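Given next are the chains, with one letter for each unit.
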Amino acid sequence: MYLLVNILGILVFLGIAFLFSKDKKNIKWRSVITVLILNMVIAYCLTQFAWGRAAVQAAANFFAVLVQVAYQGIAFALPSWVHMKQMDFVTSALMPILLIVPVFDILTYIGILPFIIKWVGKGLAYITGQPKFESFFAVEMMFLGNTEALAVSTLQIKRISAQRNVVIAMMSMSCVTASILGAYTQMVPGQFVLTAVPLNILNAVIISSILMPTNVSPEEDTIAKMGGSNNEENKEAAEIGEKVEREPFFSFLGDSILGAGKLILIIVANVIAFVALAALIDKVLGLINPSLSLEHILGIIMFPFAWLMGSDVHTAFQFAQYMGTKLVTNEFVVMGGVSSKINTFAPHFRAQLTVFLTSFANLSTVGMIIGAFKGIVDKKSNDIISKNVGYLVLSGILVSLMSAGVVGLFVW
C-alpha cells in the first residue's frame, strides 16, 4: 500500500507542476518522460545494485577522508576544538570546508572539473533533448553551487532571453555545492547525500521544463563560454574575445581559502539567526496557545506532501515538520537536529529525509539568486525574475519532493 502511495505522490508532484505551468501546450512530454525514466534508473542503480551502492559509498568515503585530513589542520591551530569527546557543529561540520573548497577550486584551476562539466553536460543534453545551456548549467550546479554556477555562466546568461533566465533561476533553487557535501555527510547518511545530487539535477530539469517550457531555436542553442573568472577585467576581455591571462596559482589559492572562510561565516550566521528566530516565533506562539509551535504549524501545512512519500501517519507528520523547518530556515538547521538519531529511523524515512534535505531549496536562497542575477542581467530581466519568486520557491519544493519520492521507491 505504502509503495502505491509513494508512486501516487510522484504523480501528484508532477501534476502540481502541470497545474501551475505557464505554457501547458508546449510542454515537451517526451523529454520529461525520458528524464524521469533516467532518474529512476539512476536511483535504482545507486540503491539496489552492489556496484551502485559501492560507488556512492566510495564517494562518501572520499569526503570522509577529506574531512579527517581537515581535522588535522584544525587540530594544529585549535587543538582544544578537536581533541574532545564530541566536537561542536562548527568544528565537525563547517571547519572542514576550509580544505574542501580549495580542493574543488584546484580541480577547476587545472581543468579537471570544467572537463567533467562539459562532457556530462553534452551527454545530458543529448539524452534529454533539453537546450544545451540548461543541461550544462544543471551539471555546473552539481559541482559549483547556485551563485558560483551563475558567476561562471555570466556571459551566457547575459545573452539568453529573460524567460530562459527564469528557468535558470528556478533550477538554481535545487543545487548543492560539491565542496559542502563533506559537511552534510558528517550529519546524515553519506550514501543518500551523494544519491540526491544527480536526482536533484534531473528533477530540476523536469520541473522547470513543465513550469516554464521554452522554445530555443538552433541558432540560440549554443554555449557562449565554459568557465569564468572573478576578475572583472578578465570577464570583459573574455567577452570581446581577447585571451585571458590565468591568475597565478597561489593568488588563486589564497582567494579560494578566503572564500571558504567567508562561506563558513555566512552559514554560521544563518544557522544562529534562523534557529534564534524560530525560537522567538515559538515564544510568541506560546503566548497565544501553549501547544502551538512553528514545527507544529509547518507540520500541518506539509503533512499531505509528507504522507504522499509513502509513510504512516505518525512518520509523515514528523517528516512534515522537518520539511517545513528546512524550507523556512535551511538544511543545516534540520541536519544538526537529527544527526544524533537519524540512524534509528526506518530505512525508507531515513533515505527520503536525507535526500529531501540535500539541496539549497529554502526561502533564503531566493534572495541569494535574485542578488546574483541583479549583478549579471539588466533591470528588465531581473524584474521578470523577481516577479516569478513564487515559481522559484515552488520549483525548489517540487524538486526536493520528487527526488525524495523517487529514492523512496527503492528503499524500504
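These numbers were taken from a predicted model, which means no experiment stands behind them.

Draft legend 1. Expanded view of the overall build of the chain. When helices and strands are tallied, the chain shows 22 helices and zero strands. Counting only residues that meet the buried cut, the chain has 52% of its 412 residues in that class. Across the chain, the fraction of contacts at a sequence separation of at least 24, relative to all contacts at a separation of at least 6, is 77%. Entry remark: accessible area of the chain is about 18,900 Å², with carbon and sulfur atoms responsible for 66%.

Draft legend 2. Main features of the pattern of salt bridges. The full count for this structure, using the stated rule, is two salt bridges. Glu 134 is the salt-bridge partner of Arg 164, the closest N and O atoms lying 2.8 Å from each other. Taken as a pair, Arg 164 in helix α11 (residues 162-172) and Glu 134 in helix α8 (residues 132-144) lie far apart in primary sequence, 30 residues in all. By relative accessible area, Arg 164 is classed as buried at 4%. Here Lys 379 and Asp 383 are joined by a salt bridge, their closest N and O atoms 2.9 Å apart. Remark: Asp 383 and Lys 379 occur in helix α21 (residues 379-387); sequence separation between them is four residues, near one turn of the helix.

Draft legend 3. Seen up close, the packing of aromatic side chains. On inspection of all chains with the given rule, the structure shows 13 aromatic pairs. With a centroid separation of 5.2 Å and 80° between ring planes, the pair formed by Phe 249 and Phe 250 is classed as edge-to-face. Judged by centre distance (5.4 Å) and plane angle (55°), the ring pair of Phe 319 and Phe 349 falls under tilted. With a gap of 30 residues between them, Phe 319 in helix α17 (residues 313-328) and Phe 349 in helix α19 (residues 347-357) connect regions that are remote in the sequence.

Draft legend 4. Seen up close, helix α2 (residues 29-48). In this model α2 runs 28 Å from its N-terminal to its C-terminal C-alpha over 20 residues, within 8% of the 28 Å that 1.5 Å per residue would give. Those residues of α2 not exposed but buried are Ser 31, Val 32, Val 35, Leu 36, Asn 39, Ala 43, Cys 45, Leu 46 and Thr 47. Looking at the buried residues of α2, the elements they touch are α1 (2-19), α3 (50-77), α7 (112-128), α13 (190-211) and α22 (389-408).

Draft legend 5. Representation of the side chain of Ser 209 in the model. Along the chain, the position of Ser 209 falls in helix α13. Residue Ser 209 is classed as buried on the basis of its relative accessible area of 12%. Discounting chain neighbours no more than four positions away, the residues touching Ser 209 are Ile 27, Val 32 and Gln 130.

Draft legend 6. Up close: the packing of α13 against α22. Between α13 and α22, the shortest axis-to-axis distance is 8 Å and the interhelical angle comes to 130°. Relative to α22, the element α13 lies oblique. Seen from above, α13 lies across α22 with right-handed handedness. Along its contact with α13, which presents Thr 195, Leu 199, Asn 200, Asn 203, Ala 204, Ile 207 and Leu 211, the element α22 presents Tyr 391, Leu 394, Ser 395, Leu 398, Val 399, Met 402, Ser 403 and Val 407.

Draft legend 7. Expanded view of α21. Listing the buried residues of α21 in full gives Ser 381, Asn 382 and Ile 385. Down the axis of α21, the buried set is contained in an arc of 100°. They therefore lie on one face. Among the exposed residues of α21, those oriented more than 90 degrees off its buried face are Lys 379, Lys 380 and Lys 387. Of the surrounding elements, those touching the buried residues of α21 are α11, α20 (363-374) and α22.

Draft legend 8. Structural context of the environment of Leu 36. Within the secondary structure, Leu 36 sits in helix α2. A relative accessible area of 15% places Leu 36 in the buried class. A C-alpha to C-alpha distance of 9.2 Å links Leu 36 and Val 406, two positions 370 residues apart in sequence.

Draft legend 9. Focus on the side chain of Thr 195. By the element assignment, Thr 195 lies in helix α13. Those residues within four positions of Thr 195 in sequence are excluded, and the remaining contacts are Leu 46, Val 56 and Val 407.

Draft legend 10. Expanded view of the packing of α19 against α22. Viewed as axis vectors pointing N to C, α19 and α22 meet at an angle of 150°, and their least axial separation amounts to 8 Å. The angle between the axes of α19 and α22 places the two elements in the roughly antiparallel class. Where α19 crosses over α22, the two elements pack in a sense that is right-handed. Residue-level contacts link His 348, Ala 351, Gln 352, Val 355 and Phe 356 of α19 to Ser 400, Leu 401, Ser 403, Ala 404, Gly 405, Val 407 and Gly 408 of α22. Counted by class, the contact of α19 with α22 contains six nonpolar, six polar and no charged residues.

Draft legend 11. The arrangement of the nonpolar core in detail. Formed by 117 residues in total, the largest nonpolar core has its most connected members in Tyr 184 and Phe 373. Those residues in contact with Phe 373 that sit more than four places away from it in its chain are Leu 150, Ile 157, Asn 165, Ile 168, Ala 169, Asn 382 and Ile 385.

Draft legend 12. How the structure looks around the confidence of the model for the chain. Predicted confidence across the chain gives a mean pLDDT of 81, with 90% of residues reaching 70 or more. In the predicted structure, residues 225-242 sits below a pLDDT of 50 and forms 23 contacts with residues beyond four places in sequence or in another chain.

Draft legend 13. Region of interest: the environment of Pro 189. Checked against the element boundaries, Pro 189 lands in the loop between α12 (181-185) and α13. For the pair Pro 189 and Gln 57, spaced 132 residues apart in sequence, the C-alpha to C-alpha distance is 9.8 Å. Excluding anything up to four places from it in sequence, Pro 189 contacts Ile 342, Asn 343, Arg 350 and Thr 354.

Conventions we followed
- Residues numbered from 1 in each chain as written.
- Predicted model: local features only at pLDDT ≥ 70, side-chain atom pairs only at ≥ 80, totals over all residues.
- Heavy atoms only, no water.
- Helix = DSSP H or I, 4+ residues; strand = E, 2+ residues; numbered from the N terminus.
- Buried < 20%, exposed > 50% of the residue type's maximum accessible area, 1.4 Å probe, protein only.
- Contact = heavy atoms within 4.5 Å.
- Areas by Shrake-Rupley, 256 points an atom, 1.4 Å probe, with all protein chains shown as cover.
- Salt bridge = Lys/Arg side-chain N within 4 Å of Asp/Glu carboxyl O.
- Phe/Tyr/Trp six-rings, centres within 6.5 Å; stacked < 30°, edge-to-face > 60°.
- Expected span 1.5 Å × (residues − 1).
- Axes fitted to C-alpha atoms, helices over the stretch in contact; angles between N-to-C directions.
- Parallel < 35°, antiparallel > 145°, perpendicular 65-115°, else oblique.
- Left-handed = near helix turned anticlockwise from the far one by under 90°.
- Arc of directions from axis to C-beta.
- Nonpolar A, V, L, I, M, F, W, Y, C, P; charged D, E, K, R; others polar.
- Core = buried A, V, L, I, M, F, W, Y, C linked by side-chain atoms within 4.5 Å.
- pLDDT = per-residue confidence, 0-100.

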